[in-house]
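Residue-level structural notes
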Amino acid sequence: MRGLAALALLLQLCAAAAALADPEEDYTEDVELILSLIRKDDSQAELESAPSAQFLRCTKAEWRVPGNYIVVLRNGTHENQVERTMRALRARAARRGYLTEITRTYSGAVRGFLVKMSSDVLHMALKLPHVDYIEEDSTVFAQGLPWNLERIVQTEHESGKYTPPNDGAQVGLYLMDTSVQTSHREIESRVMVTDFNSVPEEDGVRVHRQANQCDSHGTHTAGVVSGRDSGVARGVSVNSVRVLNCQGKGTVSGVMAGLEYIRASLQTQPISPLIVLLPFAGGFSRTLNTACREMVRSGAVLIAAAGNYQDDACLYSPASEPEVITVGATNAADQPLTAGNTGTNVGRCVDVFAPGDDIISASSDCPTCFTTKSGTSQAAAHAAGIAAVLLNAKPSASSAEVLQLLRHHSVQQVMNPDSLPAEHRLTTPNMVAALPKSTSALSDDALLCRSVWSEKSGVSSFDTAVAHCRQGEEMFSCSSYSSGSRAGERIEVRDTHCYRLNITDFHRNSTVSYSSKVIIDSCLCKLTYSVVSTPADLDLSLSLSQVEVSCEDSWTLTGCNSVSHGSVTHGAFGRGNTCVVKASDQGKGAAAIAICCRYRPLQHESSKHSHEQNNH
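Residues numbered from 1 in each chain as written. Predicted model: local features only at pLDDT ≥ 70, side-chain atom pairs only at ≥ 80, totals over all residues. Heavy atoms only, no water.

The name that an unreviewed UniProt entry assigns to the chain is Proprotein convertase subtilisin/kexin type 9, with the source organism given as Astyanax mexicanus. The heading Sequence similarities (unreviewed entry) in the UniProt record of the chain holds the text "Belongs to the peptidase S8 family." As recorded by UniProt, the Cofactor (unreviewed entry) comment attached to the chain reads in full: "Ca(2+)". (UniProt positions renumbered as here; feature names shortened; annotations may be inferred.)

**Digging into unusual backbone geometry**
Across the junction of S272 and P273, the peptide omega takes the value -5°, indicating a cis bond. Residue P318 is bonded to the preceding S317 through a cis peptide linkage, with omega at 10°. Note that P318 resides in the loop between β13 (316-317) and β14 (325-330). With a phi angle near 50°, Q310 is a residue other than glycine that sits in the positive phi range. Tracing the backbone through its elements, the reader meets Q310 in the loop between β12 (301-305) and β13. (Helix = DSSP H or I, 4+ residues; strand = E, 2+ residues; numbered from the N terminus.)

**So, the state of the cysteines**
Tallied over the full model, the rule gives 5 disulfides. The disulfide bridge from C214 ends at C246, spanning 1.8 Å between sulfur atoms. Taking the torsion about the S-S bond as the criterion, the C214 to C246 disulfide, at about 85°, is right-handed. Note that C214 is positioned in helix α6 (residues 211-214) and C246 in the loop between β8 (237-242) and β9 (249-251), a separation of 32 residues in sequence. In this structure, C214 and C246 share a single accessibility class: buried. With a sulfur-sulfur separation of 2.0 Å, C314 is cross-linked through a disulfide to C349. Measuring handedness by torsion sign, the sulfur bridge of C314 and C349 sits at about 105° and is right-handed. Taken together, the residues span a long stretch of sequence, with C314 in the loop between β12 and β13 and C349 in the loop between β16 (342-343) and β17 (352-355) at a distance of 35 residues. Here C314 falls in the buried class, since its relative accessible area comes to 13%. (Disulfide = S-S within 2.5 Å. Buried < 20%, exposed > 50% of the residue type's maximum accessible area, 1.4 Å probe, protein only.)

**A word on helix α8 (residues 252-268)**
Given 3.6 residues per helical turn, the α-helix brings residues three or four places apart onto the same face. Taking 1.5 Å per residue, 17 residues should reach 24 Å; α8 reaches 25 Å between its end C-alpha atoms and fits that length. Listing the buried residues of α8 in full gives V252, S253, G254, V255, M256, A257, G258, L259, E260, I262, S265 and L266. (Expected span 1.5 Å × (residues − 1).)

**Quick look at the environment of S237**
In this fold, S237 is placed in strand β8. What makes S237 partly exposed here is its relative accessible area of 40%. Along the sequence, S237 and V171 sit 66 residues apart, while their C-alpha atoms lie 6.8 Å from each other. Ignoring anything within four residues of it in the chain, the contact list for S237 reads V171, G172, L173 and R190. (Contact = heavy atoms within 4.5 Å.)

Put into structure tokens, the structure is as follows:
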């Protein structure tokens, strides 16, 4: 024991001397690590008493990747502390007879590392200093199941000829997908394959990795974006980043590494404007959503597939990340895509829909072959192509502005609401993405607004629902809707970018809806009133009467409220450019009040004011 004490003292003196030579380094942890390896009675009790970090895993058990863990360290952690954390984990695991393998480190949106280890070691890793949380790796999938470019063109055009406003040639796009057959005539000289490759092993022992199989999904997706005959934006330069294997499967850790690769590449070779296309979906992942959010904050526009599970898109990543533009799929009849037990995801996390059924594009079977695929991957590729056309006309547009423009130029209220699950009918946007009607339409000074829904509140007293704008947007108004009673809403400013509101519901679940806009110069607004609803106009499924009022052409709905005439109102919400109010069928009904605004440039107002003064 005396020898151990002397050794500890000697190590501490060495650490102190080293610290004097290099004040920025802290060697305390190294000393503790060495001592823990020497002690036979090591720190089991100490380890058990230490606080544990949070452990996260995919909600779908069959999508988990056991034995692979993404260790995320706290904000502000230095690179040398990452190294020490990895060494400490290896040492503690080895003391108990377990091997660990650090396969990748992260230093972009998050700081940490990917480790292969037994789940028996997990409890030790969760108690390491500097660890914020650990997420078990999980699988993401290409969202391809298998009409035409006619659907997204809204103007009269020569039959069989596709004529977009521009070809998106100023825009760069990173495609995170399977490998791509660059020799195909559709995409030859339009796609550059990067040297990045991070994919899991294929399932099964008899998987044949033929090029046509491994390139299938990526080649088709690239063709939808920029193909010579099948592409939406045929001038876009595509960079292929392989994160999906020959079976269309990848991992959260691999996608994160791919995003870090893109960020690093942009440091040496900036691309602007930039779109990153994510034509896959996995279970909800906080880590992946964080990495995507940081990518948007760096200036990129991220577009993702909503998923093909006929489910709530908010349960999947990256579809659930608010800063990502999430795209659902429709068929040739402009209805939500369904195919047997699969179909497009829906709900408040979907931002817009796009064609995704039987899409003709490049096939990897041969350099001149074509095939059809269906799914939200194809829909996301359509949206990415349209976004490229928009960015080509407005290169400085932010991600929030691109979303607003996608929605502004979309075909609205064409989907049959009855085709959507009842719980998602109000919150799913009834919009199918389309190209602007003309080049001049891209320079319109339209007021760009959208309605945003929160998730439902709880059912107990004083439960709240909270919603907020995207970065770069400004809140105009807020309202709430409840199937029971509600206490109302209030606006709270939480930080410089995020505007939030809370509501309280006393009986049944409630949600928040509000209008947000891209910040512009100034607006001219007016109130528009509906007639009072009567019990004759009933929604029998809810025993509610409904009244609507819409803004006129060139005016945009920015606020929606209700006035009761003796009936209990359940709230007001925007549906496109229409304010909708539902009330009980008792009393004398209710009225809807819409706040309608339009763009009015400040310079126009200044000149008008100056002209009026001169006249006086």
